[in-house]
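Now for the letters of each chain:
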Amino acid sequence: MIVPTEGISNYPILYSFRRCPYAMRARLAVVASGIVCELREVVLRDKPPEMLDVSPKGTVPVLVDRDGRVFDESIDIMFWALEQHDPEKWLIPEQGCVAEMLELVDKCDRGFKYHLDRYKYPNRYEDTEAIVHRTEGYLYLEILNSRLRETRYLFGNRVALADMAIAPFVRQFAHTDIEWFNQQQLPHLQAWLSGFLHSEIYNQIMQKYPKWESGNECVVFP
């Protein structure tokens with residue numbers, strides 16, 4: 001919903017970029033929590049000075065809460081939202097615990113993401129062979145597929161934080177060459193990803209918004 005600037009309440013501000021998987025996971029948690037934010041869609045090649053003022057590293061997502069606290073790590077934003085309101089119990093998995101979920105997410109962020117970038121954008125990196133990094137990334141997909149053999153989601157039969165923190169990155173990997181991905185022996189992972197891509201919450205966070213600039217109308221999210 002877009003409202004005139006003069007009608008803005010004191011919402012938390014979320015700087016985001018629609019296709020960034022880190023920003024996607026933050027928006028997913030905001031939607032799940034039911035917290036209302038002002039969404040500021042960023043164009044990465046033309047970042048607004050307001051965002052850089054609060055987070056000079058210049059990456060999305062960035063959240064500024066009502067008290068002026070700045071969160072510029074996606075997992076921190078997920079916890080910020082879910083610790084306030086977690087009606088779907090993303091922080092209370094059916095199996096395992098938060099620490100185990102974060103361990104699996106960390107393997108995504110520190111290992112899988114490295115290979116994903118070099119598979120998807122080989123021209124950005126020197127001496128990079130995309131197929132080599134696709135093969136390395138595939139090893140993480142096999143771990144996820146193995147976890148999904150017995151349960152619908154990564155930590156039980158209902159969605160939890162790990163699913164929503166990891167799915168945006170698997171989506172990006174899969175869509176680098178979707179025909180190849182669909183041919184792999186990853187039936188449980190493929191079904192899990194398909195469920196994510198056809199979910200109401202995914203469609204909600206992937207709505208398109210215009211580039212934000214100072215003085216624009218306020219985008220109230222979700």
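Since this is a predicted model, take the numbers as computed values, not measurements.

Participant: Please explain the UniProt feature "domain: GST N-terminal" (unreviewed entry) in the chain as it appears in this structure.
Facilitator: The residues that UniProt annotates with the feature "domain: GST N-terminal" (unreviewed entry) are residues 10–89. Split by type, residues 10–89 is 35% helix and 18% strand. Its first and last C-alpha atoms lie 27 Å apart.

Participant: Just checking my understanding: could you explain the pairing of strand 6 (residues 218–221) for this structure?
Facilitator: As a general feature of sheets, a regular strand has side chains that alternate between the two faces. Residues of strand 6 alternate between two faces, with Cys 218 and Val 220 on one and Val 219 and Phe 221 on the opposite face, all of them buried. Relative to strand 6, strand 3 (residues 37–41) is paired through three bridges, and the arrangement is antiparallel. Residue Leu 39 lies in a different strand from strand 6, and its bridge partner there is Val 219.

Participant: When you look at the nonpolar core in this model, what are you seeing that I'm missing?
Facilitator: Most often, soluble globular proteins keep nonpolar side chains buried together rather than apart. In this structure, Trp 90, Leu 141, Leu 154, Leu 161, Ile 166, Leu 189 and Trp 192 are the most contacted members of the largest nonpolar core, which totals 64 residues. Ranked by the residues each element gives to this core, the list is headed by helix 6 (residues 161–176), at 10 residues. Both domain 1 (13–89 + 203–221) and domain 2 (98–199) contribute no fewer than three residues apiece to this core. Leave out the neighbours within four places in its chain, and Trp 90 touches Leu 28, Ala 29, Ala 32, Met 78, Leu 82, Met 101, Val 159, Ala 160, Leu 161, Met 164 and Ile 201.

Participant: Could you clarify how one ought to interpret the pattern of salt bridges in this entry?
Facilitator: Side chains that carry opposite charge are capable of pairing whenever their charged atoms lie near each other. Counted under the stated rule, the structure contains eight salt bridges. Among the salt bridges present, the one from Arg 25 reaches Asp 109, with a minimum N-O distance of 2.9 Å. Here the residue Arg 25 occupies a position in helix 1 (residues 21–33), and Asp 109 occupies one in helix 4 (residues 98–120), the gap between them amounting to 84 residues. We classify Asp 109 as partly exposed; its relative accessible area is 24%. One salt-bridge network, in which partners are shared between bridges, spans Asp 46, Lys 211 and Glu 213.

Participant: Help me understand the packing of aromatic side chains, please; the structure alone is not making it clear to me.
Facilitator: Centre distance and the angle of the planes are the two values used to describe a pair of aromatic rings. Per the stated rule, a full pass over the model turns up nine aromatic pairs. Three or more aromatic residues joined by ring pairs make a cluster, and in this case those are Phe 112, Tyr 119, Tyr 138, Tyr 140, Phe 173 and Trp 180. In this structure, Arg 147 packs its charged tip against the face of Phe 155, placed 4.2 Å from the ring centre.

Participant: Got a minute to help me understand the packing of helix 1 against helix 6 in this structure?
Facilitator: Angle between the axes and distance between the axes: these two values describe a pair of packed helices. At a minimum axis separation of 8 Å, helix 1 and helix 6 run at an interaxial angle of 145°. Regarding helix 1 and helix 6, the two cross each other, and that crossing is right-handed. Residue-level contacts link Pro 21, Tyr 22, Met 24, Arg 25 and Leu 28 of helix 1 to Met 164, Ala 165, Pro 168, Phe 169, Arg 171 and Gln 172 of helix 6. Its residues assigned to classes, the contact of helix 1 with helix 6 comprises eight nonpolar, one polar and two charged.

The rules behind these values
- Residues numbered from 1 in each chain as written.
- Predicted model: local features only at pLDDT ≥ 70, side-chain atom pairs only at ≥ 80, totals over all residues.
- Heavy atoms only, no water.
- UniProt positions renumbered as here; feature names shortened; annotations may be inferred.
- Helix = DSSP H or I, 4+ residues; strand = E, 2+ residues; numbered from the N terminus.
- Buried < 20%, exposed > 50% of the residue type's maximum accessible area, 1.4 Å probe, protein only.
- Pairing = 2+ DSSP bridges.
- Core = buried A, V, L, I, M, F, W, Y, C linked by side-chain atoms within 4.5 Å.
- Domains from an automatic or database assignment.
- Contact = heavy atoms within 4.5 Å.
- Salt bridge = Lys/Arg side-chain N within 4 Å of Asp/Glu carboxyl O.
- Phe/Tyr/Trp six-rings, centres within 6.5 Å; stacked < 30°, edge-to-face > 60°.
- Lys NZ or Arg CZ within 6 Å of the ring centre and 35° of its normal.
- Axes fitted to C-alpha atoms, helices over the stretch in contact; angles between N-to-C directions.
- Left-handed = near helix turned anticlockwise from the far one by under 90°.
- Nonpolar A, V, L, I, M, F, W, Y, C, P; charged D, E, K, R; others polar.

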